[in-house]
Amino acid sequence: MNQHRDLDKIITKVQSYHPEAKVGLITDAYTFSERMHQGQKRHSGEPYFIHPVGVAEIITDMKLDVPSVVTSLLHDTVEDTLTTLDQIEQHFGHEVAGLVDGVTKISKIHFTTREERQAENFRKMIFAMARDIRVILVKLADRTHNMRTLSYLSEDKQREISSETLEIYAPLAHRLGIYWMKSELEDNALRYIYPKVHSELKRNIIKKKSERKQYITKVMGLLKKILTEAGITAQVSGRPKHFYSIYQKMQSQNLVFSQIYDLVGFRIVVQSVRECYQTLGIVHSHWRPVPGRFKDYIALPKANMYQSLHTTVIGPYGERIEVQIRTREMHRVAEEGIAAHWTYKDGQGQEEAQRFAWLRQMVELQQHVQDPQEFLHTIKEDLFTEEVYAFTPQGDLNSFPRGASVIDFAYRIHSEVGNHCTGARVNGRQVPLRYQLQNSDVVEIVTTKNQSPSKDWLKIVKTPKAKARIRHWLKEEQRERSVALGQELLERELARTHSSLAAVRKQRRIGPTLEVLGFSDEETLFAALGYGQVTVGQVLGHLLPQSTAVPDQTTHTIELEKIRQKPSAQDSSGVKVGGIGNVLIRFGRCCNPLPGERIVGVITRGKGVTVHTIACQRLLESDPQRHIAVSWDPTAEYARLVKIEVLSEDRPGLLTSMSKAISTVGLNISSADVRTLSDKRALNVFEVLIPSADDLQRVMRNLERVRGVVKVSRVAP
């Protein structure tokens, strides 16, 4: 690596879009980072310093300011070297130190699980991002460079990083409007998560590369000709769709590659908004539009400020083609996203972050959602959604994820409006709570004082705020019932000993009991009694010394002792609860956990412990106070029936190939259900006895490699 050449390249690019930039700070950061990373190597064996340099080059491609470039060069120094934030601030100032801190992962806190660490790191990033949008831009550049150099890691690490990229970073790039980065992240992630799918797509696309190139050239010529004849000056370009968007379409519509027709997209850039609509009319007058495929993002811009007209038409030779029409400024925003609005004077660029309503909603969400798993799950879910737009009767525009209901609309107005929502009038017509919002709906919420959220609402709502507020209400309601039940249980047992709660309060026995059992106040103690986390006997053991209750056992242990079962039954579960054996165990049918998957138990009074996977929706909806640590017994040999659904082409010999893909892992098929569908496809459902999550992954990977298989998924029992 030619150090001087790399530094000169970075400085030249910065000066090309920001001539007044103080590039001396970039030189200092380059030298400092190179010295701090001296001797460190990447997995490829190359010097580690090529990574911060690569990130800095991406930042200059995005045309960001000097502090952003400096941060990109320094972004790993605090995390991976002996450098401290104080040193960064001393050498490079408060602004850069704040940015470096924002992109630095949490390292000094012990986390129980990888997911918990991921959740808290993401929560920290959201906070920093809300203060300064440049934090996430540097993180995205960091992830983009890492994805470009992922081939040197192990397969498991490749899949783990790629999954996180698809779940978090690519959707964030989309929300920020940086479409080139979103596409690159998605395509690289697809390469490592589904290598066979990626290689087949690549092979199929290359196979028709020359004829597609000729087709693109022909259509571009036709578009230029008809626009010139209409007196419109335009730039016309065409390109094949990127791999991941083709893969998504195949998955969402259950198609094979040969059934994908609109593989090519065309972009027309004109001078004015008026010309955008003129161009649309010209395109539609020459080629028949496909019904339902027109979208006007000029009148209703996306949340990330993206604007364009989108239409799909039946072009030459009967091929479907997608056409995007926009102005030069719209094109700049579409290409650069938030960076297109960045300014370099008086820190005005930070004001642009306030234009992102979804970012404000994320910050608001974390104030209501304390559980890190629930927070991360909700954010991932929210980042993926497409938007619809609805109006208040006063004309205020709000964006919602597709599928959102009037309950989501109510919570957007105010939490109290959501809590008491009984229905709505949409476009003047009364609709039920389950009504899904459509573009341009005018919504008026109807409320009553007696209405309150129910658990069923969680199946209807889509927005993070609505889900968080409903869960909060339900947990508070459950807590109130548990407090009342716990107090009643304690009062009843005290009465049997000819005492009362008032008497033990007067004797000042409550305080020491709370301290010994680890509760902050009486209400928390009553709630624990109501939940079944602690027994009345244990509490009496401290309140009344003459009681026969055993006071020295842990809160959960006492309750678990009541739900023990015979040792032979424990052998069949393969799960240990809080280090205790022979506990009544049930597996959640919602997630059907497999050995090797991260799990959590939920105590149900009198019914034992229900085991869920850590990402299960039911677990997220349960009260964290009832959670208990559980683990797989490494000495147990246990297999569970798992349903695997395979969508495939309908052709002879394919069922045999799929059966072989399962048997080569050493597993047996308990049952198979094969149904033919339309368009020469088949749906195959296999029930397989699988001993671990690793075995399930191997089976699914084997099935994905079978030629003719479109989609493989695990389904609930």
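The structure we're discussing is the one just above.
How each quantity is defined
Here, residues in each chain are numbered from 1, in the same order as that chain's written sequence. Given that the model is predicted, a residue must reach a pLDDT of at least 70 before its local features are reported, and side-chain atom pairs must reach 80 or more before they are shown or counted; all residues, however, enter totals for whole chains, interfaces and linings. Excluding hydrogens and water, the side-chain values take into account all heavy atoms of the structure. A run of H or I in DSSP becomes a helix once it reaches four residues, and a run of E becomes a strand once it reaches two; helices and strands are each numbered from the N terminus. Buried means the residue's accessible area, taken with a 1.4 Å probe over protein chains only, is under 20% of the maximum for its type, while exposed means over 50%, and partly exposed covers the values in between. Two residues qualify as a contact provided that any one of their heavy atoms is within 4.5 Å of a heavy atom in the partner residue. Note on areas: Shrake-Rupley with a 1.4 Å probe; residue coverage comes only from the protein chains shown. Two strands qualify as a pair provided that DSSP identifies no fewer than 2 bridges between them. Helices are assigned an expected span. That span is 1.5 Å times one less than the residue count. Under this scheme, a helix contributes an axis fitted over its contacting stretch, all axes are lines through C-alpha atoms, and angles between N-to-C directions fall in the 0 to 180 degree range. Roughly parallel means an angle under 35 degrees; roughly antiparallel, over 145; roughly perpendicular, 65 to 115; everything else is oblique. Side-chain classes are defined by residue name, with Ala, Val, Leu, Ile, Met, Phe, Trp, Tyr, Cys and Pro counting as nonpolar, Asp, Glu, Lys and Arg as charged, and the others, Gly among them, as polar. We define a salt bridge as a side-chain nitrogen of Lys or Arg found within 4 Å of a carboxyl oxygen belonging to Asp or Glu. Only buried Ala, Val, Leu, Ile, Met, Phe, Trp, Tyr and Cys residues count toward a nonpolar core, and they belong to the same one when joined by side-chain atoms within 4.5 Å. In plain terms, two cysteine sulfur atoms within 2.5 Å form what is called a disulfide here. By convention the crossing between two helices is left-handed if the near helix lies anticlockwise of the far one by an angle smaller than a right angle, and right-handed if it lies clockwise. The criterion for an aromatic pair is that two Phe, Tyr or Trp rings (for Trp, the six-membered ring) have centres within 6.5 Å, with stacked assigned to planes under 30 degrees apart, edge-to-face to planes over 60 apart and tilted to the rest. Two limits define a charge over a ring: the Lys NZ or Arg CZ must be within 6 Å of the ring centre, and within 35 degrees of the ring normal.

Draft legend 1. Expanded view of the overall build of the chain. For the chain, the count of helices and strands is 31 helices and 21 strands. Out of the 717 residues belonging to the chain, those deemed buried represent 52%. A sequence separation of at least 24 residues applies to 65% of the contacts in the chain between residues at least 6 apart. Carbon and sulfur atoms provide 49% of the accessible area of the chain, an area that totals close to 34,100 Å².

Draft legend 2. Molecular detail of the pairing of strand 20 (residues 681-690). Here strand 20 lies mainly inside the structure; 8 of its 10 residues are buried. Two strands pair when backbone bridges link them, and strand 18 (residues 640-649) and strand 20 are joined in this way by 10 bridges, in the antiparallel orientation. Directly across from Lys643, in strand 20, lies its bridge partner Glu687. Hairpin connection of strand 19 (residues 669-677) to strand 20: 3 residues between the antiparallel strands, including Asp679 at a positive phi of 60 degrees.

Draft legend 3. Structural view of the sheet that holds strand 13 (residues 585-587). With mixed pairing, the 4 strands of this open sheet are ordered in space as 13-15-14-16. On the outer flanks of this sheet lie strand 13 and strand 16 (627-628), each paired with one strand and no other. Note that strand 13 and strand 15 (residues 608-613) share 3 bridges and pair parallel. Across the sheet, Ile585 pairs through a bridge with Val609, a residue of strand 15.

Draft legend 4. Quick peek at helix 22 (residues 464-496). Under the 1.5 Å per step criterion, the end-to-end length of helix 22 is 48 Å for 33 residues, consistent within 8% with the ideal 48 Å. Looking at the residues trailing helix 22, positive phi occurs at His498, about 60 degrees.

Draft legend 5. Structural detail: the sheet that holds strand 11 (residues 441-447). Taken in spatial order, the 5 strands of this open sheet run 8-7-11-9-10, and their pairing is mixed. Since the sheet does not close on itself, it has two edges, and those belong to strand 8 (397-401) and strand 10 (429-431), each with one partner. Strand-to-strand twist in this sheet, taken as the mean axis angle between neighbours without regard to direction, amounts to 40 degrees. When strand 7 (residues 387-391) meets strand 8, the two strands line up antiparallel, connected through 5 bridges. Bridge pairing in strand 8 places Ala390 opposite Asn398.

Draft legend 6. Geometry of the packing of helix 2 (residues 24-36) against helix 4 (residues 66-74). Two elements in contact, helix 2 and helix 4, have axes separated by 9 Å at closest approach and are oriented at 5 degrees. It follows from the interaxial angle that helix 2 and helix 4 lie roughly parallel. Of the residues in helix 4, those in contact with Leu25, Ile26, Ala29, Tyr30, Phe32 and Ser33 of helix 2 are Val66, Val69, Val70, Leu73 and Leu74. When the residues that make up the contact of helix 2 with helix 4 are grouped by side-chain class, the tally is 10 nonpolar, 1 polar and no charged.

Draft legend 7. How the structure looks around the pattern of salt bridges. In the structure shown here, the tally under the stated rule is 18 salt bridges. One salt bridge in this structure joins Lys182 and Glu186, with 3.3 Å as the shortest N-O distance. Here Glu186 and Lys182 lie together in helix 11 (residues 179-193), a separation of 4 residues that amounts to about one turn. Lys182 sits in the buried class, given a relative accessible area of 15%. Its relative accessible area of 7% is what places Glu186 among the buried residues. Three or more residues are tied together by salt bridges with common partners; here these are Asp65, Glu95 and Arg134.

Draft legend 8. Region of the structure containing the pairing of strand 18. Examined bridge by bridge, strand 18 and strand 21 (residues 709-715) share 6 bridges and lie antiparallel to one another. Counterpart to Leu647 in the pairing with strand 21 is Lys711.

Draft legend 9. Region of the structure containing the nonpolar core. With 64 residues, the main nonpolar core has Ile26, Leu74 and Leu140 as its most contacted residues. Non-local contacts of Leu74, meaning those with residues more than four positions away in its chain, are made with Ala29, Phe32, Ser33, Ile88, Phe92, Val96 and Val100. Of all hydrophobic cores here, the second largest spans 25 residues; its members include Ile216, Ile232, Val236 and Val283.

Draft legend 10. Up close: the state of the cysteines. Under the definition given, this model contains 0 disulfides. Here Cys590 is not disulfide-linked; the sulfur of Cys616 is the nearest cysteine sulfur, at 3.5 Å.

Draft legend 11. Structural view of the packing of helix 4 against helix 7 (residues 94-103). Between helix 4 and helix 7, whose axes approach to 9 Å, the crossing angle comes to 50 degrees. Here helix 4 is positioned oblique relative to helix 7, judged by the angle of their axes. Pair helix 4 / helix 7 crosses with right-handed handedness. Together, Pro67, Val70, Thr71 and Leu74 of helix 4 and Glu95, Val96, Leu99, Val100 and Val103 of helix 7 make up the contact between the two elements.

Draft legend 12. Structural detail: the packing of aromatic side chains. Using the criterion set out here, one finds 8 aromatic pairs in the structure. Measuring from centroid to centroid gives 5.5 Å for Tyr194 and Tyr247, while their planes differ by 35 degrees, and the two rings are tilted. Highlighted residues: Tyr194 in the loop between helix 11 and helix 12 (195-207) and Tyr247 in helix 14 (residues 243-252), separated in sequence by 53 residues. Residue Tyr194 is classed as partly exposed on the basis of its relative accessible area, which comes to 24%. Aromatic side chains Phe587 and Trp632 sit 6.0 Å apart centroid to centroid with 10 degrees between the ring planes, which places their arrangement in the stacked category. A residue pair is termed long-range when its members are at least 10 positions apart, and Phe587 in strand 13 and Trp632 in strand 17 (residues 630-632) qualify at 45 residues. Three or more aromatic residues joined by ring pairs form one cluster here, namely Tyr179, Tyr297 and Tyr306. Its guanidinium or amino end placed over the ring of Phe587, Arg640 lies 4.1 Å from that ring's centre, counting from NZ or CZ.

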